Structure formats: structure tokens, C-alpha cells
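# Residue-level structure breakdown
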Amino acid sequence: MKASKLVTTASIGALLLGMTAAAQADNWRYAHEEYEGDVQDVFAYAFKEYIEENSDHTVQVYRFGELGESDDIMEQTQNGILQFVNQSPGFTGALIPEAQIFFIPYLLPTDEETVLTFFDESKAINEMFPELYAEQGLELLKMYPEGEMVITTNEPVSSPEDMRNKKIRTMTNPLLSETYDAFGATPTPLPWGEVYGGLQTGILDGQENPIFWIESGGLYEVSPHLTFTGHGWFTTAMMANQDFFDDLSEEDQTLVREASNAAYDHTIEHIKGLADEALEKIQAASDEVTVTRLDEEQIQAFRDLAPQVEEAFLGMTGERGAELLEQFKADLESVSNE
């Protein structure tokens with residue numbers, strides 16, 4: 001597994017000390033949650049390239065671990081130490097409960113083309129979510145999918161019965177815990193940096209992630225049984241500190257939005273076929289890996305458990321969550337009928 005760098009007082013101190021000079025030089029700081037070459041890294045560098053090719057500004061990108069875990073980089077963004085952050089709703093859910101909607105199992109389809117069209121056209125994504133993020137001092141610039149979620153375990157899994165009492169790592173997201181509780185597992189929240197070791201030592205029996213993370217993080221080495229359940233897609237969001245964004249000139253605000261759009265288009269092209277490539281790499285690297293793709297009857301056994309997670313979401317989010325879920329479903333129906 002790739003080693004991660006631990007956040008240090010010195011690294012944060014260097015950021016703080018450099019803020020005045022950086023502001024004068026228009027050097028913007030952008031942190032994300034993934035490794036070199038992963039989807040968020042591809043997005044960040046496409047954003048950086050557009051900014052630097054179309055202005056005198058520069059963008060400094062920080063990868064996973066360089067400034068801490070996901071919670072750390074969000075706090076730094078809200079405090080204005082970072083200008084931009086890429087964080088999945090899996091972690092933002094504690095801050096913005098409605099963002100947990102992406103963890104209602106079987107809400108999103110598995111078809112890649114439909115999912116990508118949904119993110120392009122959804123009113124819930126493009127109109128309702130920015131208002132929710134603004135309440136937390138964040139300018140939501142783009143939400144985008146990274147890949148279908150795949151469960152890896154220490155033994156093959158093909159039914160909820162097989163999941164019973166398995167300790168499955170979850171992000172610090174109450175609704176994701178509800179999902180695995182519904183599936184019969186024991187949800188076990190753990191920071192990303194501790195997942196490999198947890199699987200290796202038996203603290204965890206499994207975890208879920210897009211297939212490219214399973215490959216790049218080497219998780220298949222310690223959790224070799226992959227199950228495609230079709231229950232969801234990993235979604236992430238790129239945002240700016242709102243005070244920083246509001247203080248930009250109109251020209252620079254336009255530049256940032258155009259850079260976000262360009263990075264989105266580039267990243268969407270990047271993820272097409274990415275899962276197949278990652279799976280091929282995994283299978284080439286290990287003879288111990290098994291791949292289980294559930295058939296419709298097997299999937300239905302998991303899908304039947306989803307309504308209780310939806311009820312939990314509504315309980316956590318109230319009227320606003322209900323309005324968002326209604327619009328989400330209407331948007332999905334619209335793109336499914338195209």
C-alpha cells in the first residue's frame with residue numbers, strides 16, 4: 001500500500017506563515033482525499049492546469065495525508081487556510097446531513113451513462129446542493145461521480161446472510177452505518193489511513209470503495225474477495241471557501257467556474273472504463289482475488305433492505321431531506337426516460 005504522509009504542526013505552520021505572501025502572489029491552495037493519479041487528483045490537476053494557462057494565478061495541490069485526513073482539510077478550508085477542497089459527502093455528511101443522500105442504497109442506477117447524465121442535468125445536484133453547502137461557508141463548484149462502489153471482504157459474499165456480523169469499515173457517516181447495519185454487518189467507522197492495517201490485522205473484515213481505490217490502495221492484498229452489489233456510486237464534491245470566492249473579482253470567479261467545468265469534463269472522460277482497467281490490474285497482480293457479480297435475484301435480497309435506510313435518511317434530515325429526495329428521484333426518472 002502506498003504510504004501516506006502524516007500532517008505535522010510544521011506543515012500547517014508553513015501554510016499559515018505563507019498565507020500573506022501567497023495571497024499577493026495569487027497562489028491558491030487546494031487539498032483532496034486521494035493518491036497521485038486517482039480521480040480527485042486528476043480533477044485537481046486539470047483545474048490547476050486551466051487556471052495557470054488562463055491567468056497569472058498558480059494552484060498548489062495537496063494530496064491525501066499531506067495536510068491530514070478528510071476532516072482536517074475541511075476544517076482548514078472553512079478557516080480559510082485552504083481556498084479549495086475536494087471532499088466526498090461520506091465525510092461531509094456530518095456537516096451537511098442532506099449530503100448523505102448518496103448513501104441510500106440502490107437509489108442511483110449502476111449504468112454509467114445514466115449516472116453521468118444525471119450529474120449533468122440534475123436539479124437536486126446543480127441547484128439544491130449549492131444552497132446547502134453555502135450554509136456552511138462553502139461555495140459548491142462541482143459534484144461528480146468517481147465509480148461504482150465495490151465491497152471487499154475476507155470471505156466471498158453473495159447475500160445479506162454472508163454479511164452477518166462482518167466488521168465493515170465505513171466513513172464517519174451515520175447513514176452509511178445504517179446501510180451496513182441493514183445489510184446485517186457491523187459498521188465500523190475508521191479513517192482512510194487506517195483501513196489497510198485494519199484489514200491486515202483482522203480489526204476489519206471488509207470495506208467498500210470504487211475499484212480504482214481498491215487497486216491504488218492495495219486493499220485487495222488484504223481483502224481479496226470483491227463483490228459487485230450494485231448498491232451505489234462513490235460521489236465527491238469540489239468546493240471553495242465562500243468568503244474567499246465572494247472576495248474574488250467577477251473575472252476570477254468566472255475563471256474558477258470555467259476551470260471547474262473544464263476539470264469536470266476532463267474527469268468524466270477519465271473515469272470511463274477506469275473500473276475495468278483497475279480490475280484487470282488487480283487480477284493480474286493477485287491469484288487470490290475472487291470477483292462476485294450478483295445476479296438480479298441476489299441483488300434483490302439486498303435491495304429489499306434499502307427502504308429502512310431511506311427512512312433513516314428522512315429521520316435525520318426532516319422536511320428538507322424529503323424535498324431533496326423527491327427532487328433526486330424526479331431527476332433520476334427524467335434521465336432514465338431519455
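The notes below deal with the structure included here. (Residues numbered from 1 in each chain as written. Predicted model: local features only at pLDDT ≥ 70, side-chain atom pairs only at ≥ 80, totals over all residues. Heavy atoms only, no water.)

### Comments concerning a negative patch on the surface
Spelled out, the test is: Each patch is built from residues that are more than 30% exposed by relative accessible area and take part in no salt bridge. Like charges join if they lie within 9 Å; nonpolar side chains (Val, Leu, Ile, Met, Phe, Trp, Tyr) join within 5 Å. Surface accessibility follows the Shrake-Rupley procedure with a 1.4 Å probe radius. Residue values consider only the protein chains on display as shielding. Salt bridges are defined by distance alone: a side-chain nitrogen of Lys or Arg within 4 Å of a carboxyl oxygen of Asp or Glu. Charge counting follows a simple rule: Lys and Arg are positive, Asp and Glu are negative, and His as well as the terminal groups are ignored. Think of each charge as sitting on NZ of Lys, CZ of Arg, CG of Asp or CD of Glu. Runs of E in the DSSP output that reach at least two residues are strands. Runs of H or I that reach at least four are helices, and both are numbered from the N terminus. Per-residue accessibility, obtained with a 1.4 Å probe over protein chains only, is compared with the maximum for each type, and a residue is labelled buried under 20%, exposed over 50%, and partly exposed between these values.
Residues Asp120, Glu121, Asp265 and Glu338 make up a contiguous surface patch of negative charge. Within the secondary structure, aspartate 265 sits in helix H12 (residues 250–271). Residue classification places aspartate 265 among the partly exposed residues on the basis of a relative accessible area of 49%.

### What about the packing of aromatic side chains?
How we decide: Aromatic pairing here means that ring centres of Phe, Tyr or Trp (its six-membered ring) are within 6.5 Å. Orientation follows from the plane angle: under 30 degrees is stacked, over 60 is edge-to-face, and everything else is tilted.
Counting across every chain of the model gives 20 aromatic pairs. Summarising the aromatic geometry, the rings of phenylalanine 118 and phenylalanine 328 are spaced 4.9 Å apart at their centres and angled 65° between planes, so their arrangement reads as edge-to-face. With a gap of 210 residues between them, phenylalanine 118 in helix H5 (residues 112–121) and phenylalanine 328 in helix H15 (residues 306–336) connect regions that are remote in the sequence. A residue is classified by how much of its surface remains accessible, and phenylalanine 118, at 0% relative accessible area, is buried. Plain terms: the ring middles of tyrosine 180 and phenylalanine 183 are 5.6 Å apart, the flat faces sit at 80° to each other, and that makes the pair edge-to-face. For phenylalanine 183, a relative accessible area of 1% translates into the label buried. Joined through ring pairs, the aromatic side chains of Tyr35, Phe64, Trp192, Phe212, Trp213 and Phe234 make up one cluster.

### Describing the pattern of salt bridges
The final tally for this structure, using the stated rule, is 10 salt bridges. Between glutamate 36 and arginine 63 there is a salt bridge, with its nearest N and O atoms 4.0 Å apart. Taken together, the residues span a long stretch of sequence, with glutamate 36 in the loop between strand S1 (27–31) and helix H2 (39–54) and arginine 63 in the loop between strand S2 (58–62) and helix H3 (70–78) at a distance of 27 residues. Judged by its relative accessible area of 56%, glutamate 36 falls in the exposed class. In this structure, the salt-bridge partner of arginine 63 is aspartate 41, at a minimum N-O distance of 2.8 Å. Of this pair, arginine 63 sits in the loop between S2 and H3 while aspartate 41 sits in helix H2; the two residues are 22 residues apart in sequence, bridging distant segments of the chain. Overall, the relative accessible area of 21% leaves arginine 63 in the partly exposed class. Under the relative-accessibility criterion, aspartate 41 is labelled buried at 4%.

### So, the side chain of glutamine 83
Put simply, the rule is: Any pair of N or O atoms that falls within 3.5 Å is considered a polar contact. Within protein, one atom must be able to donate a hydrogen and the other to accept it, and sequence-neighbouring residues count only if both atoms are side-chain atoms. Between two residues, a contact is recorded if the distance between any of their heavy atoms is within 4.5 Å.
Structurally, glutamine 83 is set in the loop between H3 and strand S3 (84–87). Of note is the side chain of glutamine 83, whose polar atom sits 2.7 Å from the backbone nitrogen of arginine 29. When residues no more than four places from it in sequence are discounted, the contact partners of glutamine 83 are Asn27, Trp28, Arg29, Thr77, Met239, Ala240, Asn241 and Phe244.

### Side note on the nonpolar core
Heads up, the condition is: By nonpolar core we mean a set of buried residues, namely Ala, Val, Leu, Ile, Met, Phe, Trp, Tyr and Cys, connected to one another through side-chain atoms within 4.5 Å.
Formed by 105 residues in total, the largest nonpolar core has its most connected members in Phe47, Phe84, Ile101, Phe102, Phe129, Tyr133 and Phe328. Considering every element that reaches this core, the biggest residue donor is H15, with nine residues. Leaving out residues up to four positions away in the same chain, phenylalanine 328 has contacts with Ile101, Phe102, Leu107, Leu108, Phe118, Ala124, Ile125 and Phe129.

### Describing the packing of H5 against H15
Going by this rule: Fitted lines through C-alpha atoms give the axes, limited to the stretch in contact for helices. The angle between two N-to-C directions lies from 0 to 180 degrees. Small angles under 35 degrees read as roughly parallel and large ones over 145 as roughly antiparallel, with 65 to 115 read as roughly perpendicular and the rest as oblique. The handedness criterion is simple: a crossing whose near helix is rotated anticlockwise from the far helix by less than a right angle is left-handed, and one whose near helix is rotated clockwise is right-handed.
Where H5 contacts H15, the axes come no closer than 9 Å and their chain directions differ by 125°. In terms of orientation, H5 and H15 fall into the oblique class. Handedness of the H5/H15 crossing: right-handed. Between H5 and H15, the residues in contact are Thr114, Thr117, Phe118 and Glu121 and Phe328, Asp331, Leu332, Val335 and Ser336, respectively.

### Section: helix H6 (residues 123–134)
As a reminder, the rule being used: Working rule for helices: expected span equals 1.5 Å times residues minus one. Relevant arc is that of directions from the helix axis to the C-beta atoms, nothing else.
End to end, H6 covers 16 Å across 12 residues, agreeing with the expected 16 Å (1.5 Å per residue, within 8%). All of the buried residues in H6 are Ala124, Ile125, Phe129, Leu132 and Tyr133. Looking straight down H6, one finds its buried side chains confined to an arc of 100°; they lie on one side. The secondary structure elements touched by the buried residues of H6 are helix H4 (89–92), H5, strand S4 (138–153), strand S9 (233–241) and H15.

### A word on the pairing of S2
Our working definition: Here a strand pair is declared whenever DSSP counts at least two bridges between the two strands. Orient the strands so they point away from the viewer, and a crossover whose first-strand-to-second-strand path over the helix runs clockwise is right-handed.
Two elements, S1 and S2, share five bridges in a ladder whose sense is parallel. Across the sheet, residue tyrosine 30 finds its bridge partner in S2, namely valine 61. In the classification by handedness, the crossover that spans S1, the intervening H2 and the parallel S2 is right-handed.

### With respect to the packing of helix H8 (residues 174–182) against H15
Any two packed helices are characterised by how steeply their axes cross, that is the angle between the axes, and by the distance between the axes. Between H8 and H15, the shortest axis-to-axis distance is 9 Å and the interhelical angle comes to 155°. It follows that H8 is roughly antiparallel to H15 by the angle criterion. Along this stretch, H8 crosses H15, giving a crossing that reads as right-handed. Along the contact surface, H8 presents Pro174, Leu175, Glu178, Thr179 and Ala182, while H15 presents Gln308, Val309, Ala312, Phe313 and Met316.

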